[in-house]
Amino acid sequence: MDDTMFILWKETVSTEWKREKASRNRSRFSTWDASLQVRRHKSGPCREYDFPLRRSILPPRCVVVKLGQRNILTLDNVFTFEWATDEVLFYTIQENLKCQKVYRLDLTQNGSTTRPVYEESEPDVFVEVSLSRDCHALSITCSSRNSSEVLLVDVSDPRLEPTLVQARQPELLYHVEHWRRNLIILANTGPGQEYQVIKAPLSEPSMVSWDTIFTPCLGTVIKDMDVVRDHCILVAVTTSNELELIVVPLSRPREAYTLQLPTWACVVETKRPGLADQRGALEFLISSPVRPQVSYCLYPEKGLLSSGTVDRPSPKKQENYITARLKACSQDGTIVPVTLFHGVKCMKDTPLLVHVYGAYGRDVDMQFSPKKRFLLDQGWALAYCHIRGGGERGLAWQRQARVEGKHRGVEDLQACLSHLFSSGVYSPSRTVLTACSAGGVPVGALCNRRPDMTRAVMLQSPFLDVLGTMEDPELPLTVEDREEWGDPAGNLEHRLTIASYCPVCNITPQRYPSMLLTAYTDDNRTPLAGVLKYAEKLKEAVQIHFNMAATSDPEPNIVINIQPGANHIGSDDWESMLEEEALQLAFLYKEMDLEPPCPPWRRKR
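Since we're looking at a predicted model, the values are computed, not measured.

Brief notes about the overall build of the chain
- Regarding its fold elements, the chain presents 12 helices and 32 strands.
- The proportion of buried residues among the 605 residues of the chain is 55%.
- Nonlocal contacts in the chain, meaning residues at least 24 apart in sequence, comprise 56% of its contacts between residues at least 6 apart.
- Roughly 27300 Å² of accessible area belongs to the chain as shown, and the carbon and sulfur atoms make up 50% of that amount.

Encoded structure:
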């Protein structure tokens, strides 16, 4: 790609991001400018002290400021933090990707004191602090992949000492909110070990006192919970893979009701407590990969849901976007959801960009992206495959595709692609697969099994050497990740299972799709060595295939984009981010043999 073409793509990406920035600045709820400088920002209850966490490629440095005066104190490597009172701050420290220590900072007129509050002994447990929505209780949550334990601090108690809610048990996950001297608990004690809502008295919070007050109907999956005044508000996914709100009156739980969100909504993000909470309302944002955040306000007492977009014009061409919810049938008969975005006029051989993740019980990323909206405007279709291993269909959805079940995620991805191709609109020769981090596993495995199902692949910080990584206990996440991938060093069955799908282990001489692999030199989550090992073996296999095969087909392009830094999900630097996205767009258009769009400075007004 010549320099002129790269500059064109970089200017295109910059224009799309600036357009979104301008749109956000018109919103009453804009946080765009602040987010470029400050990652998190919290004031004490009486707003006497402020605690900004600066955004940087270096370890985060936090500054405690007394409003109207100079800096008081700086804290390094802080991961989560909450004010218990206006003079007492609880926070956690992250070291080597692990977060296992909680500290308490007491501020006085004469200075400050810091003392440890809690230290986790289990190497696979991650610790964080959070404040209840009513600001009456502070939680210290200790979570592993399959269990959790919460210690609660009653902020009305001058001692501010943590007490245990429920001791951890294998496969027991729970989260805690506070309501009128009771705890409202979201726990996976429902049918099929899925989440349901429980109430327990603050004075006796253990499991023996748990009383179930709401269980969702079969097929509905709870994704999040908030408590606003006397109502528990749940974000849930229906059997048709659409988002809805479930409102549970805590004094009358049998009168629970549901509110449908717009059919295009893919992400719900609740706002931190503010003036709306004082009015008994919940403010939240909804978005999709191609629609920017739209503010909504829920008044649970009235059952009223209102949009807060009066001051913000609707995005242009928004009415031309169609959101389709599809269902693919996997090899074992499981129905796998697929979310598809396309224009009103969807022509044959429309270029298709397919996204996938499928690990750790996390959903595939469907946050708004100016780049994705740009591709949609340019005639592309975008598909999101909600394969097993992710969390889209609940906790059982993840359990089915961890350790010995990892092959199911690969089968699900293949089924999703086959379903998309069956429409006759999309085809393998016009399809690109993209994923980040652990999403590289099903993509890499499918490329080994069925390289003919995609034209090209884009992977960011991909996890490709599963066997080599999980055999190395010195890496920071190996012990923690054994619950997800298995322990090949100590379990022969696990080793054989991993070896059967690991992308690096199954490369063979054949025609692979072109690939763009983006990696970071100091990324400890997916080490650069694994990406380089994969790329080297892949190039060698491709070369052997083309030396042996009598074909005039061009060789695939294997591009490795190595960036400096310890990032895992993209650069924090504006120029570097533009260059990465410009390279991705250039790769897409080159591999699909498409004409690039008109440069932004030449577009008609």
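Topic: the packing of helix H6 (residues 407-421) against helix H7 (residues 440-449)
- Between H6 and H7, the least distance of the axes is 9 Å, while the angle of their chain directions is 70°. Compared by their axis directions, H6 and H7 come out roughly perpendicular. For H6 against H7, the interelement crossing comes out right-handed. Side by side, H6 and H7 meet where His 407, Gly 409, Val 410, Glu 411, Leu 413, Gln 414 and Leu 417 of the first sit next to Pro 442, Val 443, Ala 445, Leu 446 and Arg 449 of the second.
- For the contact of H6 with H7, the class distribution of residues is seven nonpolar, three polar and two charged.

Points about the environment of Pro 300
- Assignment of secondary structure puts Pro 300 in the loop between strand E23 (291-299) and strand E24 (304-307).
- Taking the C-alpha atoms as reference points, Pro 300 and Leu 282, separated by 18 residues in sequence, lie 8.1 Å from one another.
- Residues in contact with Pro 300, not counting those within four places in the same chain, are His 231, Ile 233, Val 247, Tyr 257, Gly 280 and Ala 281.

Comments concerning the pattern of salt bridges
- Inspection of the entire model under this criterion finds 21 salt bridges.
- Between Arg 104 and Asp 106 there is a salt bridge, with its nearest N and O atoms 2.9 Å apart.
- Residue class for Arg 104 comes out buried when judged on its relative accessible area of 8%.
- Notably, a salt bridge pairs Glu 161 with Arg 115, separated by 3.9 Å at the nearest N-O pair. Note that Glu 161 is positioned in the loop between strand E11 (148-154) and strand E12 (163-166) and Arg 115 in strand E8 (residues 111-119), a separation of 46 residues in sequence.
- What you see here is one network of salt bridges that share partners, running through Glu 120, Glu 149 and Arg 168.

Description of unusual backbone geometry
- Of note, Glu 171 is a non-glycine position whose phi angle comes to about 70°, a positive value.
- Along the chain, Glu 171 falls in the loop between E12 and strand E13 (174-179).
- Residue Glu 171 is classed as partly exposed on the basis of its relative accessible area of 25%.
- The phi angle at Val 403 is positive, at roughly 55°, despite the residue not being glycine.

Looking at the packing of aromatic side chains
- In the structure shown here, the tally under the stated rule is eight aromatic pairs.
- Consider the rings of Tyr 91 and Tyr 103, whose centres lie 5.7 Å apart with planes at 25°: the pair is stacked. Here Tyr 103 lies in strand E7 (residues 98-108) and Tyr 91 lies in strand E6 (residues 88-95), a separation of 12 residues in the sequence.
- Taking the relative accessible area as the measure of exposure, Tyr 91 reaches 5% and is therefore buried.
- With a centroid separation of 5.9 Å and an interplanar angle of 20°, the aromatic rings of Phe 284 and Tyr 296 are classed as stacked. Of the two residues, Phe 284 sits in strand E22 (residues 282-288) while Tyr 296 sits in strand E23, which places them 12 residues apart along the sequence. Tyr 296 matches Phe 284 in its accessibility class, with the two residues each being buried.
- One aromatic cluster is present, formed by Tyr 360, Phe 463 and Trp 485 through successive ring pairs.

Concerning the side chain of Thr 518
- Inspection of the secondary structure assignment puts Thr 518 in strand E31 (residues 514-520).
- Not counting residues within four places of it along the chain, the set of residues in contact with Thr 518 comprises Leu 459, Gln 460, Ser 461, Pro 462, Asn 561 and Glu 580.

Overview of helix H4 (residues 370-377)
- The element H4 is largely enclosed, with a buried count of seven among its eight residues.
- Following H4 by one or two positions, Gly 379 has its phi on the positive side, about 100°.

Describing the confidence of the model for the chain
- Overall, the predicted model of the chain reaches an average pLDDT of 88, with 86% of residues at or above 70.
- Low pLDDT, under 50, characterises residues 50-57; the stretch is placed with 46 contacts to residues that sit more than four places away or in other chains.
- Low pLDDT, under 50, characterises residues 310-315; the predicted model gives this stretch 10 contacts beyond four residues in sequence or across chains.

Section: the packing of H4 against helix H12 (residues 574-591)
- Where H4 contacts H12, the two axes come as close as 12 Å, and the packing angle between them is 25°. Classed by the angle they form, the pair H4 and H12 counts as roughly parallel. Considering the relative orientation of H4 and H12, their crossing is right-handed. Here H4 contributes Lys 371, Phe 374 and Leu 375 to the contact with H12, which in turn contributes Glu 581, Gln 584, Leu 585, Leu 588 and Tyr 589.
- Class assignment of the residues belonging to the contact of H4 with H12 gives a composition of five nonpolar, one polar and two charged.

A closer look at the sheet that holds strand E19 (residues 243-249)
- Across the sheet, four strands lie side by side as E17-E18-E19-E20; this open sheet has antiparallel pairing. Of all the strands in the sheet, just strand E17 (221-228) and strand E20 (257-260) have a single pairing partner and so form its edges. For this sheet the average axis-to-axis angle between neighbouring strands, irrespective of direction, equals 25°.
- Pairing geometry for strand E18 (residues 231-237) and E19, over seven bridges, is antiparallel. The residue of E19 that forms the bridge with Val 235 is Leu 245.

Here is what the cut-offs are and how they apply
Residues numbered from 1 in each chain as written. Predicted model: local features only at pLDDT ≥ 70, side-chain atom pairs only at ≥ 80, totals over all residues. Heavy atoms only, no water. Helix = DSSP H or I, 4+ residues; strand = E, 2+ residues; numbered from the N terminus. Buried < 20%, exposed > 50% of the residue type's maximum accessible area, 1.4 Å probe, protein only. Contact = heavy atoms within 4.5 Å. Areas by Shrake-Rupley, 256 points an atom, 1.4 Å probe, with all protein chains shown as cover. Axes fitted to C-alpha atoms, helices over the stretch in contact; angles between N-to-C directions. Parallel < 35°, antiparallel > 145°, perpendicular 65-115°, else oblique. Left-handed = near helix turned anticlockwise from the far one by under 90°. Nonpolar A, V, L, I, M, F, W, Y, C, P; charged D, E, K, R; others polar. Salt bridge = Lys/Arg side-chain N within 4 Å of Asp/Glu carboxyl O. Phe/Tyr/Trp six-rings, centres within 6.5 Å; stacked < 30°, edge-to-face > 60°. pLDDT = per-residue confidence, 0-100. Pairing = 2+ DSSP bridges.

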